[in-house]
Amino acid sequence: MMQQTLVIFKPSAIERGLVGRVLARFEAKGLIIAGMKMMQLSPEILREHYAHLLNLPFYPSIEASMTASPVIVLCLRGVDAIQVVRSMTGATNGRKAAPGTIRGDFSMSGQENIIHASSSPEDAEAEIKRFFSADEIFDYIPVTKGFLYATDEFDT
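On a predicted model such as this, the values are computed, not experimentally measured, just so you know. Residue numbers run consecutively from 1 along every chain, following the written order of its sequence. Only residues with pLDDT of at least 70 get local features here, since the model is predicted, and only at 80 or more are side-chain atom pairs given and counted; chain-wide, interface and lining totals rely on the full set of residues. Only heavy atoms go into the side-chain values, all of them from the structure, while hydrogens and water stay out.

Novice: Residues and numbers for the overall build of the protein, please.
Specialist: When helices and strands are counted, the protein shows eight helices and four strands. Note on conventions: DSSP H or I runs of at least 4 residues are helices, E runs of at least 2 residues are strands, and numbering of each starts at the N terminus. Ordering the α and β elements of the protein from the N terminus gives β-α-α-β-α-α-β-α-α-β-α-α. Relative to a compact globule of 156 residues, whose C-alpha radius of gyration would be 15 Å, the protein shows 15 Å and is just as compact. Taken over the C-alpha atoms alone, the protein extends approximately 50 × 35 × 25 Å along its principal axes. Any residue under 20% of the maximum accessible area for its type is buried, any over 50% is exposed, and the rest in between are partly exposed; the area is computed with a 1.4 Å probe on protein chains only. Taken across its 156 residues, the protein has 49% of its residues classed as buried. Just to be clear, the radius of gyration here is over C-alpha atoms, and the globule rule we use is 2.2 Å times residues to the power 0.38.

Put into C-alpha cells, the structure is as follows:
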C-alpha cells in the first residue's frame, strides 16, 4: 500500500555532514521525496512531537539535542514506506543497530542517532501535519515508477 512517512535529519546528521549520504540511501531504495525543508525546531513543537517522553528525566537532553542546530524534515512516499524506512533506520541505539542500517553505520548513540522515522501510519499522518502544511507536500508519480514497482504493486 502506498504510504507517506516523516523523517527528521537530526542535528547529529546535519553537524556531521551525513544528510547527503543518508538521503541517497532513501533515493536509491526508490522512495519518493514528497516534501523536504530545513527548519529550526522550537521547544513547543518538540514538546508536542515528544509528548510521550515529556515527563521522563532525560527529556531535557532530547530538547537540547534537537535544538542544537537546524534539522531537515522529509516526507517520503512509497509502497509500505513506513516499514521500509524503519527497517533502513535500524534500532534506536546506534551501538545496537545492525550494520547496513543508517544508525548501524553512522551512530554510536541512543540519542544522537542521526534520524527520526515515523513508527506507524497514525504517527506518520500526525507528524507530517505537524511539520508540513498541505501545500508543502507534493503528490507526483516519478517517471521511474515502472522501474521501481511491478504494475500490480503501485496504487495511484
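Novice: How would you explain unusual backbone geometry if you had to name every residue and give the values?
Specialist: Its identity is not glycine, yet D80 carries a phi of approximately 55°, on the positive side. Tracing the backbone through its elements, the reader meets D80 in the loop between β3 (71–79) and α5 (81–89). A relative accessible area of 40% means that D80 is categorised as partly exposed. The backbone of I114 shows a phi angle near 75°, a positive value even though the residue is not glycine. Tracing the chain through its elements places I114 in the loop between α6 (102–106) and β4 (115–117). Classification of I114 as buried rests on a relative accessible area of 0%.

Novice: Provide a residue-level description of the sheet that holds strand β1 (residues 2–9), including the pertinent values.
Specialist: In a beta sheet, neighbouring strands pair by backbone hydrogen bonds and run either parallel or antiparallel. Note on pairing: DSSP must find at least two bridges between two strands before they are called paired. With respect to topology, four strands assemble into an open sheet ordered β2-β3-β1-β4, the strand pairing being antiparallel. Each having just a single partner strand, β2 (32–39) and β4 make up the two edges of the open sheet. Neighbour-to-neighbour, the strand axes of the sheet open up by a mean angle of 20°, direction not taken into account. Where β1 and β3 come together, eight bridges link them in antiparallel fashion. Looking at β3, one finds that Q3 is bridged to G78. Only heavy atoms enter the contact rule, under which two residues are in contact if any of them lie within 4.5 Å. A fitted line through C-alpha atoms serves as each axis, taken over the contacting stretch for helices, and the angle formed by two N-to-C directions is quoted from 0 to 180°. Against the sheet, helix α2 (residues 19–29) contacts β1, β2, β3 and β4, and its axis sits at roughly 170° relative to β1. α5 contacts β1, β3 and β4 of the sheet and is inclined by roughly 35° relative to β1.

Novice: So what's going on with the packing of α2 against α5? Residues and values would help.
Specialist: Contact pair α2 / α5: the axes reach a minimum separation of 12 Å and the direction vectors enclose 135°. Taken together, the axes of α2 and α5 lie oblique to each other. Crossing handedness for the pair α2 and α5: right-handed. Where α2 approaches α5, its residues R25, F26 and K29 are matched on the opposing element by V84, V85 and M88. Looking at side-chain class alone, the contact of α2 with α5 contains four nonpolar, no polar and two charged residues. Note on terminology: angles under 35 degrees are roughly parallel, angles over 145 are roughly antiparallel, angles of 65 to 115 are roughly perpendicular, and the others are oblique. Crossings are assigned a handedness: left-handed for a near helix turned anticlockwise from the far helix by less than a right angle, right-handed for a clockwise turn. Amino acid classes used here: Ala, Val, Leu, Ile, Met, Phe, Trp, Tyr, Cys and Pro are nonpolar; Asp, Glu, Lys and Arg are charged; the rest, including Gly, are polar.

Novice: Go over the pairing of β1, please, and point to the residues and values.
Specialist: Counting buried positions along β1 gives seven out of eight residues, so the element sits mostly inside the fold. For β1 and β4, the ladder comprises three bridges, and the chain directions are antiparallel. Paired with V7 across the bridge in β4 is A117.

Novice: How would you sum up the environment of V85? Please name residues and give values.
Specialist: Assignment of secondary structure puts V85 in helix α5. Residues V85 and Y140, 55 residues apart in the sequence, show an inter-C-alpha distance of 19 Å. Every residue in contact with V85, bar those within four places of it in the chain, is listed here: T5, V7, F26, L31, L76 and A117.

Novice: Explain the pattern of salt bridges to me, and be specific about the residues and the numbers.
Specialist: Salt bridges, as used here, are contacts in which a Lys or Arg side-chain nitrogen is within 4 Å of a carboxyl oxygen on Asp or Glu. Taken as a whole and assessed by the stated rule, the structure comprises seven salt bridges. Three or more residues joined by partner-sharing salt bridges are found here, namely E44, R47 and E63.

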